[in-house]
Amino acid sequence: MTQRALDTDGLVPALETLHGPTFHAELRRDAARRWGHTPETAFAEMFDNLDVHRWFDVAGVGEPTRRSIVSWRGALEPRQ
């Protein structure tokens, strides 16, 4: 994952505009620090280790949504 993908400078204000301010942000940062992470590295590790196809199965994600997610910028591999 590139640093550009993790850059949230413009994202945070946009999300706060849509959804209101983040709740418990400092508690979340503290939890990440206890595990040796920043919010960015915690997200990157989760994303790198996510078995998205298993998650699709467990969450009951339909085939059209799966295709949309897998084909987004070629970021994910189709199930073999």
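Position numbers for residues count from 1 along each chain, tracking the sequence in the order it is written. Only residues with pLDDT of at least 70 are given local features in this predicted model, and only at 80 or more are side-chain atom pairs given and counted; all residues enter the totals for whole chains, interfaces and linings. The basis for every side-chain value is the complete set of heavy atoms in the structure, and neither hydrogens nor water enter the calculation.

1. Comments concerning the pattern of salt bridges
In what follows, salt bridge is the name for a side-chain nitrogen of Lys or Arg lying within 4 Å of a carboxyl oxygen of Asp or Glu. Enumeration over the complete set of coordinates arrives at five salt bridges. A salt bridge links Arg66 to Asp57; the shortest N-O distance between them is 3.0 Å. When a residue's accessible area, from a 1.4 Å probe over protein chains only, is under 20% of the maximum for its type it is buried; when over 50% it is exposed; and in between it is partly exposed. Note on Arg66: relative accessible area 15%, which makes it buried. In this structure Asp57 comes out as partly exposed when scored by relative accessible area, which is 40%. Salt bridges sharing common partners tie together Glu26, Arg29, Asp30 and Arg33.

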